[in-house]
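Below are the chains, spelled out letter by letter.
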Amino acid sequence: MNDMSRMMIALLEGDEAAGLTQLTRLIGLARLQDASVRVAYFHAIPRDRTDRYDRVIADRYREMLRIDETMRETVACLLRASGRAPVEMVVRFGAPVVEIEREVEAFAADAVALAPGTRLRSRWRAWRLRRRLAVYPHLRLLVVEGGGDVRPAAGVAMRPA
């Protein structure tokens, strides 16, 4: 399968800067392939937010709503600023590698794109994701390497998961 019809762009907690830096580029690539696009943000289940006296300011549910709203607005603002049309957006909470696999199945994605940060933890998570998605023969994994601060040097490597 040379072309793709459904691309999921994964933004990961801790790697938001790298992912958002490459977002319009990845959407452009998907549109060149006439693919439908879903941007998915993956975040661990947050803890209750407390003040310095250990009183709960926002429980998990409210914190998840805040994170969801903030990321949706961030992506919408970025797309407006770059002149891109809005795209479908989902926010999922849980273990990122597991939730990405679930979202791949729910969206029936042909390709998953992500831009891991430069930290060791980010690289490790990208490696685990590649291993986990290898069981899907039709799925391509697109990893955009290069930090959020080094846009011109970023390279694209696409290969089967």
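Asker: Report on the overall build of the chain, specifying residues and quantitative values.
Answerer: Regarding its fold elements, the chain presents four helices and eight strands. Written out in order from the N terminus, the α and β elements of the chain read β-α-β-β-β-α-β-α-β-α-β-β. Sequence separation of at least 24 residues holds for 70% of the intrachain contacts in the chain that already meet a minimum separation of 6. Total accessible area on the chain is roughly 9,000 Å²; 51% of this is exposed by carbon and sulfur atoms.

Asker: Let's hear about the pairing of strand β6 (residues 111-114): which residues, and what values?
Answerer: Residues of β6 alternate between two faces, with A111 and A113 on one and V112 and L114 on the opposite face, all of them buried. Note that strand β1 (residues 6-12) and β6 share four bridges and pair parallel. Each residue of the ladder has a partner; that of M8, found in β6, is V112. As judged from the four bridges shared by β6 and strand β7 (residues 140-145), these two strands associate in the parallel manner. Bridging across to β7, A111 finds its partner in R140.

Asker: An account of the packing of aromatic side chains is requested, with residue identities and associated values reported.
Answerer: As enumerated under the stated definition, the model contains one aromatic pair in all. A centroid spacing of 5.0 Å and a plane angle of 20° characterise the contact between W124 and W127, whose relative ring orientation is stacked. Here W127 and W124 lie together in helix α4 (residues 120-133), a separation of three residues that amounts to about one turn. You can call W124 partly exposed: its relative accessible area is 47%. Lying over the aromatic face of F107, R6 brings its terminal NZ or CZ to 4.2 Å of the ring centre.

Asker: How would you explain helix α3 (residues 96-107) if you had to name every residue and give the values?
Answerer: Between its first and last C-alpha, α3 extends 16 Å over 12 residues, near the 16 Å set by a 1.5 Å rise per residue. Turning to α3, its buried residues number three or more, namely P96, V97, E99, I100, E101, E103, V104 and F107. Tucked inside the fold, the buried residues of α3 contact β1, β2 (36-43), β5 (88-93), β6 and α4. The positive-phi residue at the C-terminal boundary of α3 is A108, with phi of around 55°.

What counts as what
Residue positions are given per chain, counted from 1 along the sequence in the order it is written. Since the coordinates come from a predicted model, pLDDT governs what is reported: local features require at least 70, and pairs of side-chain atoms require 80 or more to be given and counted, while whole-chain, interface and lining totals use all residues. Only hydrogens and water are set aside when side-chain values are computed; all heavy atoms of the structure are taken into account. Helical segments are the DSSP runs of H or I of at least four residues, strand segments are the runs of E of at least two, and each set is numbered from the N terminus. Here, two residues are considered to be in contact whenever any of their heavy atoms come within 4.5 Å of each other. Under the convention used here, a 1.4 Å probe and the Shrake-Rupley method define accessible areas, while residue burial counts only the protein chains that appear. Each residue is assigned to one of three classes by its accessible area relative to the maximum for its type, calculated with a 1.4 Å probe on protein chains only: buried under 20%, partly exposed between the two thresholds, exposed over 50%. Here, strands pair whenever DSSP counts at least two bridges between them. In summary, the pairing rule links any two rings of Phe, Tyr or Trp, Trp by its six-membered ring, whose centres are within 6.5 Å, and it sorts them by plane angle into stacked for under 30 degrees, edge-to-face for over 60 and tilted for everything else. Sitting over a ring, as applied to charges here, requires NZ of Lys or CZ of Arg to be within 6 Å of the ring centre and within 35 degrees of the ring normal. In a helix, the anticipated span is given by 1.5 Å times the number of residues less one.

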